[in-house]
Each structure stands twice: as C-alpha cells, then as structure tokens.
Amino acid sequence: MMLERIKNIINPQEYKPRTMNEALEFERAKAGIVKPKEALAEQKTILQIQELGQKQVDVKNQKELQSQFILDTARDTLDTINKVKVGKKYFGALGAVPTLNPWGYDRVKWESYVNKLLSGKIVNLITEMKSASKTGATGFGQLSDKEGQILREASTALRKRMSPQDAEEILNTMEEKLRKVVGGDNTRSSQIGQSGKQNIRT
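Residues numbered from 1 in each chain as written. Predicted model: local features only at pLDDT ≥ 70, side-chain atom pairs only at ≥ 80, totals over all residues. Heavy atoms only, no water.

Chemist: Tell me about the environment of Val86, residues and numbers included.
Modeler: Topologically, Val86 is positioned in helix H3 (residues 36–86). Along the sequence, Val86 and Trp110 sit 24 residues apart, while their C-alpha atoms lie 8.1 Å from each other. (Helix = DSSP H or I, 4+ residues; strand = E, 2+ residues; numbered from the N terminus.)

Below, the structure written as structure tokens:
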C-alpha cells in the first residue's frame, strides 16, 4: 500500500510522514523501488530513524524513573516525619543524650528516625527535583525556589535538644512542602498538618 503511494508521488522528497512508523514504512517502500546504491543509503536512513526512536524511549524512561524516585523519597520522608512526631516527647534538653535505658526501645526508634531526617536525604531530594525540572520530568508537585529553600532550612534546623513544640513546628513545615510534592500543585494547605499546630509561614 505504501509502495503504491510512493509511486504516485511526483517528488518523494516532498513526502512528510506523520508518525515514526509511517516514516519507517516509507523508507522501506522507497528502498524497494530504487537502485541498489540508493537502497543502501535508504537503509542507513531507516537505521537512523530507529536509533532516534530508541533515544526518545530512553529519555522517556529516564524521566519516569526520576519522577518515581522523587515521589518514593518524599513519601518515605513523610512516613519518617510521622514516626518522629509519635515520639515528640523525647525532644528537649536531654534529647541529644543517647538512650541509656536498656528497655527504652521507643526512644531508640525515635532517635533512629530523627537521625534519618538529619542524614541529608531532604537536601538530596531538593537537588534531584531541580535536576528533574531541567529534564522536563513530571508526575510530582513542583516547589518554588522559596519553598525549596524553606524545606532545606527546616530539615537542617531540626535538633533533638529543641523543645517538643519547636520541633513539631519544623516538622509541620517539612510535612507541608513534602505533601505538595506527593499530592501535586493542587494540594491545599487545609489538608496539611494533622497536629493542628500553626506551620511556619512562607
């Protein structure tokens, strides 16, 4: 069918395929009606088209992997924040003192969750989001530069020796920004901050 279409085209150079598959079909059909030398050139064109198509698929897959990494990291961090909030009573003057009670399992878990938040994971997440915005990756809520800076500062400001109230305020700020990443740009602030405490304002 494509061969008949080519034969009816006065100038094949003017033919413009509409899709990648149509372009490949067109080149194969042309190769069947041209001389061997020209057919070799046409085959090279086919290979170039196939290579371009594969590159486009690779770029798409890379964007999807990058988006999924960002979402998974944000969700995991939100889960860690919630676990830290459960043990918020351990914040305070003795918060930085290692657990000495051999049966203090809950405090040991709280320490590990706080350490996880302080490990630089959020800073890495912000860096990855900036990279993703340049590649055009989608599927997650974007943060403005100001919001990203607030999230970064909150993650580095958290300390075990803080009062439970101050620590929860910082945790709420982190939670608000991360929920926007997970839920998209339409996430409303009224759905954020389950504790009812006032969040740090942007």
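The structure having been displayed, the exposition proceeds.
Chemist: Outline the environment of Ile46, supporting the account with residue identities and numerical values.
Modeler: Secondary-structure assignment places Ile46 in helix H3. Residue classification places Ile46 among the buried residues on the basis of a relative accessible area of 3%. With 23 residues separating them along the chain, Ile46 and Ala23 place their C-alpha atoms 8.3 Å apart. (Buried < 20%, exposed > 50% of the residue type's maximum accessible area, 1.4 Å probe, protein only.)

Chemist: I'd love a proper account of the nonpolar core, names of residues and values included.
Modeler: Judged by nonpolar contacts, the single largest core of 27 residues is most densely connected at Phe91, Leu158, Leu171 and Met174. Of all the secondary structure elements, the ones that give two or more residues to this core are H3, helix H4 (105–117), helix H5 (121–135), helix H6 (145–157) and helix H7 (164–183). Ignoring anything within four residues of it in the chain, the contact list for Met174 reads Ile81, Leu117, Ile122, Leu151, Ala154 and Ser155. (Core = buried A, V, L, I, M, F, W, Y, C linked by side-chain atoms within 4.5 Å. Contact = heavy atoms within 4.5 Å.)

Chemist: Requested: an account of the layout of surface pockets, with residues and values cited.
Modeler: Roughly 180 Å³ of internal volume is contained in the largest pocket. Considering the residues around the largest pocket, the lining is formed by Ile126, Met129, Lys130, Ser133, Gln142, Leu143, Ser144, Asp145, Gly148, Gln149 and Arg152. Contributing elements (two or more residues each) for the lining of the largest pocket: H5 and H6. Its residues placed into classes, the lining of the largest pocket shows 3 nonpolar, 5 polar and 3 charged. (1 Å grid on protein atoms, 1.4 Å probe; cavity = no way out; pocket = protein on both sides within 12 Å on 5 of 7 lines; lining within 4 Å. Points joined across faces, edges and corners; volume = space filled by probe spheres on them. Nonpolar A, V, L, I, M, F, W, Y, C, P; charged D, E, K, R; others polar.)

Chemist: Provide a residue-level description of the pattern of salt bridges, including the pertinent values.
Modeler: Opposite charge on two side chains lets them pair, provided their charged atoms get close. Under the definition given, this model contains 11 salt bridges. Among the ionic pairs, Lys180 bridges to Glu147, the shortest N-O distance being 2.9 Å. Within this pair, whereas Lys180 is found in helix H7, its partner Glu147 is found in helix H6, the two being separated by 33 residues in sequence. Accessibility classification places Lys180 together with Glu147 in one group, the buried group. Here Glu175 makes a salt bridge to Arg179, at a shortest N to O gap of 3.0 Å. With a gap of 4 residues between them, Glu175 and Arg179 both fall in helix H7, about one helical turn apart. Residue classification places Arg179 among the partly exposed positions, given a relative accessible area of 25%. Several salt bridges share partner residues, and in doing so they unite Asp76, Lys116 and Lys121 into one network. (Salt bridge = Lys/Arg side-chain N within 4 Å of Asp/Glu carboxyl O.)

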